[in-house]
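Letter by letter, the chains look like this.
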Amino acid sequence: MTTDSVKGGDGTTTDSVKGGDGTTTDSVHGGGGTTTVSVHGLGYVGLPTAALFANNGYTVYGVDTQPDKLERLRTDGADFREAALNDYVDRVLGTDALHLREHPVESDYHLICVPTPFDHDREAADLSYVRAAAEGIAPKLRPGDTVVVESTVPPGTTANVVGETLERNGDLLRETFNLAFCPETVLPGSILEELRGNDRIVGGIDDEATAAARDLFAGVVDGDIHTAPDAATAEFAKLAQNTHRDANIAIANELAKVARDHGVVPRPAFDLANEHPRVDLLHPGPGVGGHCLPVDPLYLGQHSDHVALIEHARAVNDGMVYYVRDLLEEGLGSLAEKRVAVFGLAYKGNVADTRNSPATRFVETLGETPELVATDGGNVVDVRVHDPHVAEAGVDLWSQSAALEGADALVFMTDHDEFTELDPETVAERMDDNVVVDARGLTDESWHEAGLDVRRL
Ligand SMILES: NC(=O)c1ccc[n+]([C@@H]2O[C@H](COP(=O)([O-])OP(=O)(O)OC[C@H]3O[C@@H](n4cnc5c(N)ncnc54)[C@H](O)[C@@H]3O)[C@@H](O)[C@H]2O)c1
Ligand SMILES: CC(=O)N[C@@H]1[C@@H](OP(=O)(O)OP(=O)(O)OC[C@H]2O[C@@H](n3ccc(=O)[nH]c3=O)[C@H](O)[C@@H]2O)O[C@H](CO)[C@@H](O)[C@@H]1O
């Protein structure tokens, strides 16, 4: 099987098709605001995507089933933790370029950006939101329109689940509309930059659909557009990317534990290993969180019995919170009656997102431990969580100084920049005992020199 790539966005290649900005020569529906794009689901992926097309001359309909969300957007604008992204969205909100809608409308393109959570009971992707979106689009579909799935889905979903739902709920046969998959790969924290700059993969259920999706994205992104032989290959490639990263983090985590068994501090050893031109160990840590990496590898096991390493990697990463806890217990002897400051609740540095965060699971683990729960149900270990990026969470949040005051131990669970600026002398003065568990490689020799007993991953 081969894949083709075309250069997108800069107009320097003959294969790319500019859309929307009025410079189009052969785009399907023309540009200059006459091409309409509906984006279904205005979350982390959909809202920036809607803004991308609206900022590039398309007329965009942003559709979301949550009326509150639409109202908040109308009144307060975007509230991402990226100021430039908020400006980018706010610039088109309330203009004729971006209309907010609770129900689908007719459009040349429909992009599906709805959630696809993993249903752990059924051990399968929950495709109910994708189905619901397709059911809403179907009656609005016209011959020649193009539906593009951007949500992460198991291979086969676009052609089978979405294709069948569109056909069953509308008047059109599959051959009369275009259907393709184009995965989103934005990195939370750098959404705007990656939305415009990343390469894209597109795979349609036939060549015409692939070309329609390719032409659309070629008009708005600066990266290359890689065409897949079919939608399932594009769906698989997206899952392979995140599975690859998850498994590589698992190797780093397992090697870190082995290193410590040998009395070796992991990170300096990894730096040395990475001097080899063909070695690139990732960073060990307290586990893998976020919306995608802990979930996407699981989709691959839905119709395959060959996911042994992939499943083991997941287990290694999920098990890291217990390893961090072991390091803490090793330092303190016992956790009972101890005060533990946990720095960082977000799933990774400099973001506010706590979805699937190892830090949240770590805190829960401390609370759930039978020997640490008093007869009145209260916890015998006093956990004080501090996170300068997180405003709301299921746990109480403390200021930096209040969390450290009288603490027996400090655990770094997230690599926020603010934590690298901490003065170890001040930390040592505030704490009662001196145990530090650094699961994120934030400390250096000066922390030992300040009299702190640091256990590092
Ligand atoms: N967040 C990321 O960084 C990221 C990156 C790449 C891919 N993805 C994938 O993109 C998809 C969307 O993720 P997200 O993070 O943007 O989700 P999200 O939860 O932030 O947003 C999804 C939105 O879809 C809306 N919605 C639900 N059903 C709908 C329907 N039938 N019609 C219209 N709107 C509907 C919800 O109200 C919500 O606002 C998922 O499949 C995810 O795995 C996410
Ligand atoms: C292939 C890829 O790059 N995909 C990205 C990924 O985005 P993400 O934000 O989830 O990815 P990460 O930044 O890797 O973080 C994940 C977790 O792994 C921990 N981690 C990381 C590196 C390391 O060396 N050691 C670690 O322990 C980190 O702390 C955090 O908990 O999925 C998105 C949705 O599909 C994609 O769009 C986006 O491209």
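Residues numbered from 1 in each chain as written. Chains lettered and ligands numbered in written order. Predicted model: local features only at pLDDT ≥ 70, side-chain atom pairs only at ≥ 80, totals over all residues. Heavy atoms only, no water.

A. Broad picture of the domain arrangement of the chain. Under the domain assignment used here, the chain contains domain 1 (4-229) and domain 2 (230-457). Using only C-alpha atoms to locate each centre, domain 1 and domain 2 end up separated by 34 Å. Taken together, the contact between domain 1 and domain 2 spans 30 residues of the former and 24 residues of the latter. When domain 1 packs against domain 2, close to 2,100 Å² is buried across both sides, 64% of that on carbon and sulfur atoms. (Domains from an automatic or database assignment. Contact = heavy atoms within 4.5 Å. Buried area = accessible area lost by both parts, 1.4 Å probe.)

B. Summary view of the site of ligand 2. Inspection of the region around ligand 2 gives 20 residues, with Thr185, Val186, Arg245, Cys292 and Tyr347 positioned closest. Lys348 has a polar side-chain atom sitting 2.9 Å from an oxygen atom of ligand 2. Protein contact buries 88% of the 760 Å² of open area that ligand 2 shows by itself. With five residues, the single largest contributor to the shell around ligand 2 is helix α8 (residues 231-261). Here the shell around ligand 2 is composed, by residue class, of nine nonpolar, six polar and five charged. (Near = heavy atom within 4 Å. Polar contact = N/O pair within 3.5 Å; in protein donor to acceptor, adjacent residues only side chain to side chain. Areas by Shrake-Rupley, 256 points an atom, 1.4 Å probe, with all protein chains shown as cover. Helix = DSSP H or I, 4+ residues; strand = E, 2+ residues; numbered from the N terminus. Nonpolar A, V, L, I, M, F, W, Y, C, P; charged D, E, K, R; others polar.)

C. Geometry of the nonpolar core. Counting 41 residues, the largest nonpolar core has Val37, Phe53, Val60, Leu111 and Phe217 as the members making the most contacts within it. Of the residues forming this core, the biggest block, six residues, is contributed by helix α1 (residues 46-54). Among all residues touching Val37, those that are not within four sequence positions of it are Phe53, Tyr58, Thr59, Val60, Tyr61, Ser107, Tyr109, Leu111 and Leu216. Ranked by size, the runner-up nonpolar core spans 30 residues in total, among them Ala125, Ile137, Val161 and Leu239. (Core = buried A, V, L, I, M, F, W, Y, C linked by side-chain atoms within 4.5 Å. Buried < 20%, exposed > 50% of the residue type's maximum accessible area, 1.4 Å probe, protein only.)

D. Representation of the site of ligand 1. In the neighbourhood of ligand 1, 26 residues make up the surrounding shell, with Val45, Asp64, Gln66, Lys69 and Thr116 lying closest. With respect to ligand 1, the backbone of Val114 contributes an N or O atom lying 3.5 Å from an oxygen atom. The fraction of the free accessible surface of ligand 1 (840 Å²) that becomes covered by protein chains is 92%. With three residues, helix α4 (residues 128-137) is the single largest residue contributor to the shell around ligand 1. Classifying every residue of the shell around ligand 1 by side-chain character gives 13 nonpolar, eight polar and five charged. Two domains each provide a minimum of three residues to the shell around ligand 1, namely domain 1 (4-229) and domain 2 (230-457).

E. Summary view of the sheet that holds strand β16 (residues 453-456). Taken in spatial order, the five strands make up an open sheet running β13-β12-β14-β15-β16, and their pairing is parallel. Edge positions in the sheet fall to β13 (382-386) and β16, since each has one partner strand and no second. Direction aside, neighbouring strands of the sheet carry axes that sit 15° apart on average. Relative to β13, strand β12 (residues 339-343) runs parallel, the two sharing five bridges. Counted as the bridge partner of Ala341 is Arg384 from β13. (Pairing = 2+ DSSP bridges. Axes fitted to C-alpha atoms, helices over the stretch in contact; angles between N-to-C directions.)

F. Examining the confidence of the model for the chain more closely. The predicted model of the chain has a mean per-residue pLDDT of 91, with 90% of residues at 70 or higher. In this model residues 6-30 is a low-confidence stretch, pLDDT under 50, and it forms 56 contacts with partners more than four residues away in sequence or in other chains. In the predicted complex, the global pTM is 0.92; the interface-specific ipTM is 0.98. (pLDDT = per-residue confidence, 0-100.)

G. Representation of the side chain of Thr243 in the model. Mapped onto the elements of the fold, Thr243 is located in helix α8. With a relative accessible area of 8%, Thr243 lands in the buried category. Beyond its immediate stretch of four places on either side in the chain, Thr243 contacts Asp296, Pro297, Leu300 and Ile310.

H. The arrangement of the environment of Ala54 in detail. Checked against the element boundaries, Ala54 lands in helix α1. Overall, the relative accessible area of 7% leaves Ala54 in the buried class. When the C-alpha positions of Ala54 and His99 are compared, they lie 9.4 Å apart, and in sequence the two are 45 residues distant. Ignoring any residue separated from it by four or fewer positions in sequence, one finds Ala54 in contact with Val60, Val92, Ala97 and Leu98.

I. Quick look at the pattern of salt bridges. This structure, assessed with the given rule, holds 20 salt bridges. Arg74 serves as the salt-bridge partner of Glu71, at 3.4 Å between the closest nitrogen and oxygen. Taken as a pair, Glu71 and Arg74 lie in helix α2 (residues 67-76) at a separation of three residues, close to a single helical turn. Residue Glu71 is classed as partly exposed on the basis of its relative accessible area of 41%. (Salt bridge = Lys/Arg side-chain N within 4 Å of Asp/Glu carboxyl O.)

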